[in-house]
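Observations on chain architecture
Listed below are the residues making up each chain.
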Amino acid sequence: MLDKLEYNEIIKLVSNYCKTYIGKVSVLNLKPCFDFEGVSRLLTETAEAMDISIRKSNIPICEIPNIDIWIKHLESNNVLSAKALIEIATVLKISRELKNYFFDDTSFSTNDFPILFDFFNSLYINKSVETTIFEKILDENTIADSASAKLSAIRRNRKKAEQAVRDKLDSIIHSSNYSKYLMEPIVTIRNDRFVIPLKQEYRNTIKGFIHDTSSSGSTVYLEPLSVFEINNEINNFKIEENIEIEKILHDLSILLYKYTSELKQNICIIGKLDVLSAKVSYSKSIDGINPILNTEKYIKDLEKVEKQYEEISQKLNEQKAICLNEALEYLAKDIKLEYISLHT
């Protein structure tokens, strides 16, 4: 029966209006409801969403990251990556914006939307955690210097050490004594250590450690002995930096351990709001109406429809009869003229 009604085709059309992965999945899994109370509630939900879109604006749904796997990590008390933390903070941000959309406008009465009120009111927001994550993590590959005082000090000392290495190496590559030994006057990095490119035939001219050779073999990348200790310091700073970053990620993850249920709830509610928004958009596209339900199993205005059908049919029949009479009259005149012509 559903195939004859093209139910699945309609569902696909509605899903195209979804903005989130969970909304789309929810729509594609929708099944017909045959319970009066259930159908009535679903219609009321859609009617409220339609009303609020007209009176206020469309529900500001946008794509959300799939954080299901990160929630599982939190439930296991694992440390989340920077990417995971940003995605969870993004869900918290979207949840806050949705809640603000419904409640912040004081000129707007939320009492007219009891079902939507429950949805929006159930959204969990935590501006403190959200802000902390965004302040400490700039993107999935970058932790802010200000994420901790220790991280800031480590990076500051590392930059000083790197500048010291560059200054020493610059003095070598710009020296008239060594310039003829260089393949080119630059400072580069090999194996996480600052080096200079020497011509192969002069590899033993400057004391130090060779970390790489060019593919042609004509260039060797040498770390002069004079910068060996500073390079070691830089690498130690890198190790300390990674340890401190892990600690920062651990501390941020701890902030979320006790909110896994709330995060799951937010995802569910955002999905429901997305479904409602998609239904509203589809309804507008087909000029849909909100039907009036009854338990008598008949179309309330069926008699009116039947009467209109009879009136239309009667008019059509009258028009057909008029056309037929006109055709017969025309035909009779034509036959009469032919008869007269034949007998004169």
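Before any of the text, the structure's been laid out above.
Residues numbered from 1 in each chain as written. Predicted model: local features only at pLDDT ≥ 70, side-chain atom pairs only at ≥ 80, totals over all residues. Heavy atoms only, no water.

Some thoughts on the overall build of the protein
As a reminder of what qualifies: Secondary structure counts use DSSP, requiring at least four H or I residues in a row for a helix and at least two E residues in a row for a strand, with both numbered from the N terminus. Burial classification: accessible surface area is computed with a 1.4 Å probe over protein chains only, and a residue below 20% of its type maximum counts as buried, one above 50% as exposed, and the rest as partly exposed. Contacts: residue pairs with any heavy atoms within 4.5 Å of one another.
Of the regular secondary structure elements, the protein holds eleven helices and six strands. Out of the 344 residues belonging to the protein, those deemed buried represent 35%. Across the protein, the fraction of contacts at a sequence separation of at least 24, relative to all contacts at a separation of at least 6, is 67%.

A few points about the environment of Arg 155
For Arg 155, the location among the structural elements is in helix H8 (residues 149-173). The class of Arg 155 is buried, set by a relative accessible area of 13%. Those residues in contact with Arg 155, other than ones at most four positions away along the chain, are Ile 143, Ala 144, Asp 145, Glu 241 and Ile 245.

Considering the packing of helix H7 (residues 127-136) against helix H9 (residues 228-256)
As a reminder of what qualifies: What counts as an axis is a line fitted to C-alpha atoms, over the stretch in contact for a helix, and the angles between N-to-C directions run from 0 to 180 degrees. Oblique is the label for any angle not under 35 degrees, not over 145, and not in the 65 to 115 range, which are roughly parallel, roughly antiparallel and roughly perpendicular in turn. Should the near helix be turned anticlockwise from the far one by less than a right angle, the crossing is termed left-handed; should it be turned clockwise, right-handed. Under the scheme applied, nonpolar residues are Ala, Val, Leu, Ile, Met, Phe, Trp, Tyr, Cys and Pro; charged residues are Asp, Glu, Lys and Arg; polar residues are all the others, including Gly.
Packing of H7 against H9 brings their axes to within 11 Å, and their N-to-C directions diverge by 165°. Taken together, the axes of H7 and H9 are roughly antiparallel relative to one another. With respect to the hand of their crossing, H7 and H9 are arranged in left-handed fashion. Contacts between H7 and H9 involve Val 129, Thr 132, Ile 133 and Lys 136 from the former and Ile 248, Leu 252, Leu 255 and Leu 256 from the latter. Looking at the contact of H7 with H9, its residues break down into six nonpolar, one polar and one charged.

A look at the nonpolar core
It is characteristic of soluble globular proteins that their nonpolar side chains tend to be buried jointly. Put simply, the test is: As used in this record, nonpolar core signifies buried Ala, Val, Leu, Ile, Met, Phe, Trp, Tyr and Cys residues forming a set joined through side-chain atoms within 4.5 Å.
Residues Leu 98, Leu 116, Phe 120, Ile 137, Ile 143, Leu 256 and Leu 273 are the most contacted members of the largest nonpolar core, which totals 52 residues. Elements with a contribution of two residues or more to this core: helix H3 (36-55), helix H4 (68-75), helix H5 (82-103), helix H6 (114-121), H7, H9 and helix H10 (260-285). When residues of this core are assigned to their parent elements, the largest contribution, twelve residues, is made by H5. In this view, Leu 273 contacts Ile 59, Ile 61, Leu 98, Leu 116, Phe 119 and Phe 120; residues no more than four positions away in its chain are not counted. Membership of the second largest hydrophobic core comes to 19 residues, among which are Ala 161, Leu 198, Ile 230 and Phe 237.

Brief notes about the sheet that holds strand E6 (residues 219-224)
To keep things clear, this is the line we draw: At least two DSSP bridges between two strands are required for those strands to pair.
Pairing is antiparallel in the open sheet, where four strands are placed in the order E3-E4-E6-E5. If you trace the sheet from one side to the other, it starts and ends with strand E3 (188-190) and strand E5 (208-213), each paired once. Averaged over all adjacent pairs, the angle separating strand axes in this sheet is 50°, with direction ignored. Two strands pair when backbone bridges link them, and E3 and strand E4 (residues 193-199) are joined in this way by three bridges, in the antiparallel orientation. Note on E4: the bridge partner recorded for Ile 189 is Phe 194.

Details of the layout of surface pockets
Where empty space is left can be seen by rolling a probe of water-molecule size over the atoms. Heads up, the condition is: Grid points spaced at 1 Å over the protein atoms alone were grouped into cavities, where a 1.4 Å probe fits but cannot get out, and pockets, open sets with protein on both sides within 12 Å along at least five of seven lines, with lining residues defined by an atom within 4 Å of a point. Grid points are joined across faces, edges and corners, and a volume is the space filled by probe spheres set on the points.
In this structure, the largest pocket spans a volume of roughly 1300 Å³. Along the wall of the largest pocket there are 32 residues; nearest its centre are Tyr 7, Leu 42, Leu 43, Thr 46 and Lys 279. For the lining of the largest pocket, the secondary structure elements donating two or more residues are helix H1 (7-15), H3 and H10. Of the residues belonging to the lining of the largest pocket, the class tally is 24 nonpolar, four polar and four charged.

As for the pattern of salt bridges
So the rule is basically this: In what follows, salt bridge is the name for a side-chain nitrogen of Lys or Arg lying within 4 Å of a carboxyl oxygen of Asp or Glu.
Within this structure, the stated rule accounts for 14 salt bridges. In this structure, Glu 45 and Arg 41 form a salt bridge, with 3.4 Å as the shortest nitrogen-oxygen distance. Residue Glu 45 and its partner Arg 41 are both found in helix H3; the two are separated by four residues, about one turn of the helix. Of the residues examined, Glu 45 reaches a relative accessible area of 11% and is grouped as buried. As a salt-bridge pair, Asp 212 and Arg 190 come within 3.1 Å of each other at their nearest N and O atoms.

Side note on the pairing of E6
Counting buried residues in E6 gives six out of six residues, a clear majority hidden from the surface. Where burial is concerned, the two faces of E6 agree: the one with Thr 219, Tyr 221 and Glu 223 and the one with Val 220, Leu 222 and Pro 224 are both buried. In the sheet, E4 pairs with E6 via four bridges, with the strands oriented antiparallel. Its bridge partner being in E6, Ile 196 is matched across the sheet by Leu 222. Sheet topology places E5 next to E6; five bridges connect them, and they run antiparallel. Its bridge partner lying in E6, Gly 208 is registered against Pro 224. Hairpin connection between E5 and E6: a loop of five residues separates the two successive antiparallel strands, and Gly 217 in this loop has a positive phi of roughly 85°.

Description of the environment of Thr 260
On the secondary structure map, Thr 260 appears in helix H10. Given a relative accessible area of 10%, Thr 260 falls into the buried group. Taking the C-alpha atoms as reference points, Thr 260 and Trp 70, 190 residues apart in sequence, are found 9.4 Å from one another. Each residue touching Thr 260, except ones within four places of it in the same chain, is listed here: Ile 71, Leu 74 and Glu 75.

With respect to the environment of Phe 134
Secondary-structure assignment places Phe 134 in helix H7. Given a relative accessible area of 31%, Phe 134 falls into the partly exposed group. Taking C-alpha positions, Phe 134 is 8.8 Å from Leu 85, a pair spaced 49 residues apart along the chain.

This is a description of form; function is not addressed.
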